[in-house]
Structures are given as structure tokens and as C-alpha cells.
Amino acid sequence: MQLIDTHVHINFDVFNSDLEEIRKRWEEAGVVHLVHSCVEPEDLLSIKAIADRFPEISYAVGLHPLDAHKWTSTTANQIQKFATSDPRIVAIGETGLDFYKAENQKQQKFVFKQQLTIAQKLNKPLIIHCRDAANSMAEILYNFQENQRLVRGVMHCWGGNPEETKIFLDLGFYISFSGIVTFKNAIQIQESAKIVPDDRLLVETDCPFLAPVPKRGKRNEPAYVKYVAEKVAELRGVTLENLAAQTSKNACKLFGFSINF
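The following paragraphs examine the structure supplied in this document.

About the criteria used
- Residues numbered from 1 in each chain as written.
- Predicted model: local features only at pLDDT ≥ 70, side-chain atom pairs only at ≥ 80, totals over all residues.
- Heavy atoms only, no water.
- Axes fitted to C-alpha atoms, helices over the stretch in contact; angles between N-to-C directions.
- Helix = DSSP H or I, 4+ residues; strand = E, 2+ residues; numbered from the N terminus.
- Parallel < 35°, antiparallel > 145°, perpendicular 65-115°, else oblique.
- Left-handed = near helix turned anticlockwise from the far one by under 90°.
- Contact = heavy atoms within 4.5 Å.
- Salt bridge = Lys/Arg side-chain N within 4 Å of Asp/Glu carboxyl O.
- Buried < 20%, exposed > 50% of the residue type's maximum accessible area, 1.4 Å probe, protein only.
- Core = buried A, V, L, I, M, F, W, Y, C linked by side-chain atoms within 4.5 Å.
- Pairing = 2+ DSSP bridges.
- Arc of directions from axis to C-beta.
- Polar contact = N/O pair within 3.5 Å; in protein donor to acceptor, adjacent residues only side chain to side chain.

**Some words on the packing of helix α5 (residues 134–146) against helix α6 (residues 162–170)**
What describes two packed helices is the angle between their axes and the distance between those same axes.
No. 1: Running from N to C, α5 and α6 point in directions that differ by 15°, and their axes come no closer than 10 Å. The angle between α5 and α6 places the two elements in the roughly parallel class. Once α5 is placed against α6, the crossing between them reads as left-handed. Residues Ala134, Met137, Ala138 and Leu141 of α5 form the contact with α6, whose own contacting residues are Glu164, Ile167 and Phe168.

So, in C-alpha cells, the structure goes:
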């Protein structure tokens, strides 16, 4: 069995002391590749250093919506330059909208649109963060694609209901489920996990956040993507092995890397 964790943040300080042991655990769990997301372009040096140590890591570059206030007149060029500097950079992100307690919605929309344009220009997928902003997100993506500017990507750590899920599926996006899908009260997310087509489904940890049951409340890590995959497989009525194979195939297609199946 081979799993791909499509969203990690192992450059965070909480992993500094035991990253080699963490890697051993993800290998033991069958995780053969990871996609390391990026909160802001300044993170690239630390992410690249980890990718240099662990060849099974691809990564992204972008600016998180909660850091939209950090956007400057040079950020777009910085992201574009980084994105073309290393073939291991397979996506733009994470970017998106987070309207939970947000007072800068206009700025977030502007920054997201800028990164949409970069992704389309470079033909790279987006890693999209969307919290309490599904309608605005859908409107921006729809208008962008109405102008025949096709863009692809993944709705990461998806927390939407089935109706919202269908909207983003219709826009051509992949849907990635995190440890939240294992939570007892995550009924709408679990229903969403049942309806995503086989060829649009991904799994992730979003570590160090949102550790799945039975590790809830602990520091999350890539090995725990197995628990996410187990729950999604259960919800969809398929074996873990089949779920792992399908989601790994999907990750390879979206992000443009390959593994030996």
C-alpha cells in the first residue's frame, strides 16, 4: 500500500527535534510522497532544505489568506520566480480565502486573484484554503474561468457540505480530506467524502494541525494520513488499499510527479 500526503507543514518549529523519527514513521505507514505547502514565500528556504533531505517531498509556493496583509508590489514576481526555480515546486499555494473573523476580505480576494493569475500563467495547480468563504471563492473561480482562463487545483482540508462540494467539483477541482473527516460531529464533511468522484479524491494531514482520531489532540504528522484514508475508505465502502491507490494516482496526475506503483 502506498499513500501520498498532499498537504504538510513539517518546516514548522514543532518538528525540529525529531524529523528523522517522523520520517521513519511515515515510511512505516506506507507514505511514499508528500506535498509540502507554503504559508508565505519566505518559508521557501526552510522547505527546500527539508526537500533536499527527503527526496520524496515536492512543494509549493504561495501566500496564505491569513497573511494577505503581507502582500507587496513585489510578491507576485517573487512567487513566480520561485515557482520556476525548482522542478520540485509543483503548485501555487496555499492561497485562498479565510473569512472566519476576517476584516480584510477585499485584500484577501485581491491576493487570491493575483495567485490565480500566476498559476494559470505557469500552468501549475492551486492549493486552495477556503474557510467560511465558499460563495465568494466559487464566484471568483467561476468568473476567472468564464474568461477562458482555465485553472486547476485542490480544495485542501475540505470542510464544506455536499452542495458546496458539488460546486467546486463542477469547477473542475479536486477535493482533499484531512483529519476532520474522522471527527464524530463532522457529518457534512463525511457526506461530502461519499460523493467526490474517484478520480478527484485526495487525502492529507495538514500537519501539525487537526490530528485525526485516534490521535486527536496530539501533534499531527504525515504517518497519520493513514487514519484519514481509513475513514474515507470506510465512508465510501472500499478497501484501504484501493483508496490509497486511487488517491495516490490522483495526486500524481494533479501535481505532475510520479511514484512507482
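**Some words on the pattern of salt bridges**
No. 1: In the structure shown here, the tally under the stated rule is 15 salt bridges.
No. 2: For Lys70, the salt bridge goes to Asp67, with nearest N and O atoms at 3.4 Å.
No. 3: On the accessibility criterion, Lys70 (37% relative accessible area) is partly exposed.
No. 4: Of the charged contacts in the structure, one is a salt bridge between Arg219 and Glu221, with a shortest N-O distance of 3.8 Å.
No. 5: Overlapping salt bridges bring together Asp18, Arg25, Arg219 and Glu221 as one network.

**Observations regarding the nonpolar core**
No. 1: Residues Leu141, Phe168 and Phe177 are the most contacted members of the largest nonpolar core, which totals 74 residues.
No. 2: In contact with Phe168, other than residues within four places in its own chain, are Ala134, Met137, Ala138, Leu141, Met155, Trp158, Phe173 and Ile175.
No. 3: If you look at the next biggest cluster of nonpolar residues, it comprises 15 residues, including Leu202, Cys252, Phe257 and Ile259.

**Thoughts on the pairing of strand β3 (residues 57–61)**
No. 1: β3 sits mainly inside the fold: five of its five residues count as buried.
No. 2: Every second residue of β3 is oriented toward a common face, with Ile57, Tyr59 and Val61 on one face and Ser58 and Ala60 on the other, all of them buried.
No. 3: In this sheet, β3 lies alongside strand β2 (residues 31–36) in parallel orientation, the contact comprising three bridges. Counterpart to Val35 in the pairing with β3 is Ser58.
No. 4: Note that β3 and strand β4 (residues 89–98) share three bridges and pair parallel. Residue pairing for β4: Tyr59 is matched across the bridge by Ile89.

**Observations regarding helix α7 (residues 187–195)**
No. 1: Those residues of α7 not exposed but buried are Ile189, Gln190, Ser192 and Ala193. Down the axis of α7, the sector holding all buried residues measures 155°, keeping them to one side.
No. 2: Buried-residue contacts for α7 involve α6, β7 (174–177) and α8 (225–236).

**Concerning the side chain of Gln145**
No. 1: Here Gln145 shows up in helix α5.
No. 2: Given a relative accessible area of 18%, Gln145 falls into the buried group.
No. 3: Here Val151 takes part through its backbone oxygen, which lies 3.2 Å from a polar atom of the side chain of Gln145.
No. 4: Within the structure, Gln145 has its side chain in polar contact with the backbone oxygen of Leu171 (distance 3.3 Å).
No. 5: Gln145 has contacts with Val151, Leu171 and Phe173, leaving out every residue within four places of it along the chain.

**Points about helix α2 (residues 44–53)**
No. 1: Among all positions of α2, only Leu44, Ile47, Ile50 and Ala51 are buried. Seen along its axis, α2 keeps its buried residues to an arc of 130°; they face one direction.
No. 2: Among the structural elements, α1 (19–28), β2, β3, α3 (75–83) and β4 are those in contact with the buried residues of α2.

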